[in-house]
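What the coordinates show
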Amino acid sequence: MKKRPYAKAIAIADDQDQSPNSNAPSCAGKLASELPIVGLGCSSFSNFFFADGSKSITLPLDPTHPVIIEWMNTVREAIRCGINLLDTAPWYGHGMSECLIGLALTYDNPDLRNVLIPLPAGLTRANLIINTKVGRYEADPLHMFDFSAARVRSSVLQSIERMKCEYIDVIQLHDPEFAPSIELLLDVTIPVMVELRDLGLVRAIGITGYSLDVQREIIQRSWDKGIMFDQSLTYCHYNLHDQSLFSAATKDDEASFASFCWSKGIGVMAAAPLSMGLLTKNGPPDWHPACSELKEACQQVAAQCSRVNVDVADLAITYALSNASIPCTLLGMRNTVEVYKAVSIAARFDDDDSSSGQVGKLSVIENKLLSDITGPAGMFSRLKSDQREWDGKLIAKEFWKDVPGGVVEAEKSMRL
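**Digging into the sheet that holds strand 4 (residues 85-87)**
Strand order around the closed barrel formed by 8 strands is 3-4-5-6-7-8-9-10, with parallel pairing between neighbours. Adjacent strand axes in the sheet meet at a mean angle of 30°, parallel and antiparallel pairs treated alike. Here strand 5 (residues 129-134) pairs with strand 6 (residues 168-174) via 4 bridges, running parallel. By the bridge assignment, N131 is partnered in strand 6 with V170. Contacts from helix 6 (residues 182-199) reach strand 5, strand 6 and strand 7 (202-208), with the element oriented near 150° to strand 7.

So this is what it looks like as structure tokens:
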């Protein structure tokens, strides 16, 4: 599997002039020097997706269940193929995904050795990059989000226990746009994440959420207080219909979010190159927040790809991996077939040594499709900029309207 470094972020972080003020409570954490260009997004290992009997799966996991065996094999084969970055969260299956990773990394049963794929010989914890999150947990809206200090501490310890992984490489602040306030995060949540980084329970701290504006504000205000984030994970902002990760912000001509992060020495990763199902032949799930215009445009793109025997999902993944400024793109994989498909696409970039810009070997047909889709006169050019994405902050605001006590009571409880 092709590896890429957090090159831009690391180079900038080494510049002492870019360090936060001298009152910083902690130096920056330690990110892995290189990442596989494809990381394993582990939300698929849960009953969020009711395929192949997963609806019937509950905790504690039964390692002899056929679906659990398939999921364990998916993790193990991904690692064997060089996909050594696992990204999960307590939210994924409300603990199910993390428990599955723990099984995949440790479970052994002589009676199942004919069906369980073995882990690579000599695999150690140092060979893996295991990232998880804090802040989002349960299905019940009253208990879905908890950014309190006590919950952050207990969550990290619980994640380590579930995954049997000794430490977390990057602990990410999950969906901060849903926090009752940014002040709560700055006063309570983030200082505890720094504390855990200082203690060595986590190697680095990160942030992940849909709204780039919210991420930018939190990173900047933390910086101003002397706290350094190490990583940002974005999703649905670098794909065929939305490249806003690298677009200049409209407000006051600010630098792109990626450039903003690099200026702070922050490594940037991307997820959801299929835009949560928009860029697939079957289309997105019913709950997808995209507007009808974007959904229709994506289906038109899928149809255009099909006419020349190209799978729109394959093209979308290829496009995402082709930007060498992104060291790693997270993909969900539910079985070994999807692992092999991801590995096959990633192999197209094995010989690329470029450190920036578009790389990889694209066919004439693929280049023509990309021009027709993403170019200035492409199919998505007909959409207004706000139709190419959705309003994550508005979605969060609407969520709290339906929670008894709303953000006021939630903030009070999380500050206790």
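**Remarks on the confidence of the model for the chain**
Confidence along the chain averages 91 in pLDDT terms, with 90% of residues attaining 70 or more. With pLDDT under 50 throughout, residues 21-26 is counted as low confidence; its partners more than four residues away or in other chains account for 12 contacts.

**Structural notes on the state of the cysteines**
Evaluation of the coordinates by the stated rule reveals 0 disulfides. Here C291 is not disulfide-linked; the sulfur of C298 is the nearest cysteine sulfur, at 9.2 Å.

**Observations concerning the pattern of salt bridges**
Under the defined criterion, the tally for this structure stands at 21 salt bridges. The closest approach of N and O atoms between D187 and R415, which form a salt bridge, is 3.2 Å. Of this pair, D187 sits in helix 6 while R415 sits in the segment after helix 14 (406-414), and the two are 228 residues apart along the sequence. By relative accessible area, D187 is classed as partly exposed at 44%. Here D314 ties to K341 by a salt bridge, and the two come within 3.5 Å at their closest N and O atoms.

**Topic: the packing of aromatic side chains**
Under the counting rule described, the total for this entry stands at 13 aromatic pairs. Measuring from ring centre to ring centre gives 6.0 Å for F45 and W71, while their planes differ by 55°; the resulting arrangement is tilted. Of this pair, F45 sits in the loop between strand 3 (38-41) and helix 2 (66-80) while W71 sits in helix 2, and the two are 26 residues apart along the sequence. The burial state of F45 is the same as that of W71; both residues are buried. Each ring, one from Y210 and one from Y235, has its centre 5.6 Å from the other, and the planes form 55°; the classification is tilted. Of the two residues, Y210 sits in the loop between strand 7 and helix 7 (212-224) while Y235 sits in strand 8 (residues 231-235), which places them 25 residues apart along the sequence. In this structure an aromatic cluster arises from ring pairing among F145, F147, F178, F399 and W400. It is R125 that lies over the ring of Y167; its NZ or CZ is 3.9 Å from the centre. The lysine or arginine in question, R136, covers the ring of W91, its NZ or CZ lying 4.2 Å from the ring centre.

**Quick notes on the side chain of E366**
In this structure, E366 sits in helix 12 (residues 364-374). E366 gets classed as buried once you look at its relative accessible area, which sits at 10%. A polar side-chain atom of E366 sits 2.9 Å from the main-chain amide nitrogen of S363. Beyond its immediate sequence surroundings of up to four residues, E366 is in contact with L315, R348 and K361.

**Quick notes on helix 12**
Every buried residue of helix 12 is accounted for by E366, L369, L370 and I373. For helix 12, the buried positions fall inside an angular range of 100° around the axis, keeping them on one side. Elements that come into contact with the buried residues of helix 12 comprise helix 9 (292-307) and helix 10 (312-321).

**Quick look at the pairing of strand 9 (residues 267-271)**
Taken across its 5 residues, strand 9 has 5 buried, putting it largely inside the fold. The side-chain alternation of strand 9 yields two buried faces, one formed by G267, M269 and A271 and the other by V268 and A270. Both strand 8 and strand 9 contribute to a ladder of 5 bridges, which runs parallel. Across the sheet, residue Y235 finds its bridge partner in strand 9, namely A271. Where strand 9 meets strand 10 (residues 329-332), 2 bridges bridge the pair, whose relative direction is parallel. In the strand pairing of strand 10, A271 is matched with L330.

What counts and how
Residues numbered from 1 in each chain as written. Predicted model: local features only at pLDDT ≥ 70, side-chain atom pairs only at ≥ 80, totals over all residues. Heavy atoms only, no water. Pairing = 2+ DSSP bridges. Helix = DSSP H or I, 4+ residues; strand = E, 2+ residues; numbered from the N terminus. Axes fitted to C-alpha atoms, helices over the stretch in contact; angles between N-to-C directions. Contact = heavy atoms within 4.5 Å. pLDDT = per-residue confidence, 0-100. Disulfide = S-S within 2.5 Å. Salt bridge = Lys/Arg side-chain N within 4 Å of Asp/Glu carboxyl O. Buried < 20%, exposed > 50% of the residue type's maximum accessible area, 1.4 Å probe, protein only. Phe/Tyr/Trp six-rings, centres within 6.5 Å; stacked < 30°, edge-to-face > 60°. Lys NZ or Arg CZ within 6 Å of the ring centre and 35° of its normal. Polar contact = N/O pair within 3.5 Å; in protein donor to acceptor, adjacent residues only side chain to side chain. Arc of directions from axis to C-beta.

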